[in-house]
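# An overview of the molecular structure
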There are 2 protein chains.
Amino acid sequence: MTKRNLTAPRKLVYDIVLQADDHPTAADIIDRLKARGQSVAYATVYNSLRYLTEEGLIHELKLEGKTSRYDGRGEDHAHIVCVSCGKVDEVMTPPPAEWLSKVAEESGYLLTEEQFIFKGECPACRISKQKN
Amino acid sequence: MTKRNLTAPRKLVYDIVLQADDHPTAADIIDRLKARGQSVAYATVYNSLRYLTEEGLIHELKLEGKTSRYDGRGEDHAHIVCVSCGKVDEVMTPPPAEWLSKVAEESGYLLTEEQFIFKGECPACRISKQKN
DNA sequence: ATATAAATTTAAACTAAATCTAAATTTAAA
DNA sequence: TTTAAATTTAGATTTAGTTTAAATTTATAT
């Protein structure tokens, strides 16, 4: 039968995402693998990212631009993007459970995942804008 | 000087998005314009969608796949995507204001926009899965 | 009204991200 | 150990969206 597995190349990709303190794109991951002297084919990186996302080991983020970013942080959490400098921060305050259950009830869906993206101006950009 | 404007082609694109009861992609919009016999260049549709999004007249949704979808509904609202059939529904129960202000406080950001995407299994898919 | 300068539209070329293909390799488990 | 399925690979291909440069339209100052 054979089972889908966390194979060696997938593990290499997973490690890069886990160790990143940003939200790397596929291209970023390829660069970082190369910098470590680890050889993983282009298509395999994409395959691995899809696998890891489907397994729930990492999360795919669709923020600005057309390229997906990836997040290896364990706890589910929201993100906040600065519309001015593009910085992405984690949001650790979780959404009220009561809202989630209300949404589940309203929609009739069995909820499996949430992706919350806030946009706004980060503290640094707010300050630098005041100066101008 | 000249001002950015809701020009004729932009209005045509806007009308398509406003009248859609789904969440059309750029390609969908081009098809619907063509079906109406309205000629708008490919690049102009993209230009128009960017313009309309920046003006806040419509909203860009990044759901499954690599193509953006657009939503012309006036009130800001969350979306819920069925992971099984791909259907996209509107979520009308708004997030508690208290959560939003807590996020603003935590992050120090000046919030301008929120994009909330729920994923799960829609009622129809839940039922059809029970049968199997 | 008219001239002028800036913005917008257009068609076509181009770019970049991601997927597909088919052959080679690895892996699981019979 | 064999066999079938899964995975990897390199390269070709697809696709969404952007860029380019010329033509057109538009806003507004005269």
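Since this is a predicted model, take the numbers as computed values, not measurements.

### Side note on the packing of helix 2 (residues 26-35) of chain A against helix 3 (residues 42-54) of chain A
Residues and elements named next belong to chain A. Packing of helix 2 against helix 3 leaves a shortest axis separation of 10 Å and a crossing angle of 120°. Judged by the angle between their axes, helix 2 and helix 3 are oblique. As for the relative orientation of helix 2 and helix 3, their crossing is right-handed in sense. Residues Ala-26, Ile-29, Ile-30 and Leu-33 of helix 2 touch helix 3, and the partners they reach there are Tyr-42, Val-45, Tyr-46 and Leu-49. For the contact of helix 2 with helix 3, a count of residues per class yields 8 nonpolar, no polar and no charged.

### Overview of the domain arrangement of chain A
All names here are of chain A. Segmenting chain A into domains produces domain 1 (1-73) and domain 2 (75-132). Distance between the C-alpha centres of domain 1 and domain 2: 23 Å. Listed per partner, the contact involves 9 residues of domain 1 and 11 residues of domain 2. Summed over both partners, the interface of domain 1 with domain 2 buries about 820 Å², with 57% contributed by carbon and sulfur atoms.

### Describing the environment of His23(A)
Residue and element names in this part refer to chain A. Along the chain, the position of His-23 falls in the loop between helix 1 (8-19) and helix 2. Residue class for His-23 comes out buried when judged on its relative accessible area of 6%. Once the C-alpha coordinates of His-23 and Gly-86 are considered, the two residues, 63 residues apart in sequence, prove to be 12 Å apart. Not counting residues up to four positions away in its chain, the partners in contact with His-23 are Leu-61, Arg-69, Tyr-70, Asp-71, Arg-73, His-79, Val-88 and Glu-90. Of the polar contacts made by the side chain of His-23, one reaches the side chain of Arg-73; its length is 3.4 Å. Polar contacts involving the side chain of His-23 include one to the side chain of Glu-90, which spans 2.7 Å.

### Examining the sheet that holds strand 4 (residues 88-91) of chain A
What the 6 strands build is an open sheet, ordered 4(A)-3(A)-5(A)-5(B)-3(B)-4(B); its pairing is mixed. Each edge of the sheet is formed by a strand with only one pairing partner; in this case those strands are strand 4 of chain A together with strand 4 (88-91) of chain B. Pairs of neighbouring strands in the sheet enclose a mean axial angle of 25°, with direction left out of account. Bridge analysis of strand 5 (residues 110-121) of chain A against strand 5 (residues 110-121) of chain B gives 11 bridges, and the strand direction is antiparallel. Residue pairing for strand 5 of chain B: Glu113(A) is matched across the bridge by Lys119(B). Lying over the sheet, helix 4 (residues 97-107) of chain A contacts strand 5 of chain A together with strand 3 (78-82), strand 4 and strand 5 of chain B, oriented at roughly 120° with respect to strand 5 of chain A. Relative to the sheet, helix 4 (residues 97-107) of chain B contacts strand 3 (78-82), strand 4 and strand 5 of chain A together with strand 5 of chain B, its axis offset from that of strand 5 of chain B by approximately 120°.

### Considerations on the packing of aromatic side chains
By the definition in use, this model includes 12 aromatic pairs over all chains. Consider the rings of Trp99(A) and Trp99(B), whose centres lie 5.8 Å apart with planes at 40°: the pair is tilted. With Trp99(A) in helix 4 and Trp99(B) in helix 4, this pair bridges two chains. With respect to class, Trp99(A) is no different from Trp99(B); both count as buried. Here the aromatic rings of Phe116(A) and Phe116(B) are separated by 4.9 Å at their centres, their planes lie at 80°, and the arrangement is edge-to-face. Remark: Phe116(B) occurs in strand 5 and Phe116(A) occurs in strand 5; the pair is interchain, linking two chains. The exposure class of Phe116(B) is buried, given its relative accessible area of 5%. A connected cluster of aromatic rings, assembled from ring pairs, spans Trp99(A), Phe116(A), Phe118(A), Trp99(B), Phe116(B) and Phe118(B). Here the guanidinium or amino end of Arg10(A) rests over the ring plane of Tyr51(A), the centre of that ring lying 4.3 Å away.

### Here's the deal with the pairing of strand 5 of chain A
Direction of pairing for strand 3 of chain A relative to strand 5 of chain A: parallel, over a ladder of 4 bridges. Residue Cys82(A) lies in a different strand from strand 5 of chain A, and its bridge partner there is Gly120(A).

### So, the protein's contact with DNA strand D
The full set close to DNA strand D counts 24 residues, and Thr7(A), Pro9(A), Thr44(A), Asn5(B) and Tyr42(B) are the nearest of them. Between DNA strand D and the protein, one listed contact pairs a base nitrogen with a side-chain N or O atom of Tyr42(B) at 2.8 Å. Between a phosphate oxygen of DNA strand D and a main-chain N or O atom of Ser68(B), the distance comes to 3.1 Å. The dominant element in the surface near DNA strand D, judged by the number of residues it contributes, is helix 3 (residues 42-54) of chain B, at 4 residues. Considering only residue class, the surface near DNA strand D consists of 9 nonpolar, 10 polar and 5 charged.

How each quantity is defined
- Residues numbered from 1 in each chain as written.
- Chains lettered and ligands numbered in written order.
- Predicted model: local features only at pLDDT ≥ 70, side-chain atom pairs only at ≥ 80, totals over all residues.
- Heavy atoms only, no water.
- Axes fitted to C-alpha atoms, helices over the stretch in contact; angles between N-to-C directions.
- Helix = DSSP H or I, 4+ residues; strand = E, 2+ residues; numbered from the N terminus.
- Parallel < 35°, antiparallel > 145°, perpendicular 65-115°, else oblique.
- Left-handed = near helix turned anticlockwise from the far one by under 90°.
- Contact = heavy atoms within 4.5 Å.
- Nonpolar A, V, L, I, M, F, W, Y, C, P; charged D, E, K, R; others polar.
- Domains from an automatic or database assignment.
- Buried area = accessible area lost by both parts, 1.4 Å probe.
- Buried < 20%, exposed > 50% of the residue type's maximum accessible area, 1.4 Å probe, protein only.
- Polar contact = N/O pair within 3.5 Å; in protein donor to acceptor, adjacent residues only side chain to side chain.
- Pairing = 2+ DSSP bridges.
- Phe/Tyr/Trp six-rings, centres within 6.5 Å; stacked < 30°, edge-to-face > 60°.
- Lys NZ or Arg CZ within 6 Å of the ring centre and 35° of its normal.
- Near = heavy atom within 4 Å.

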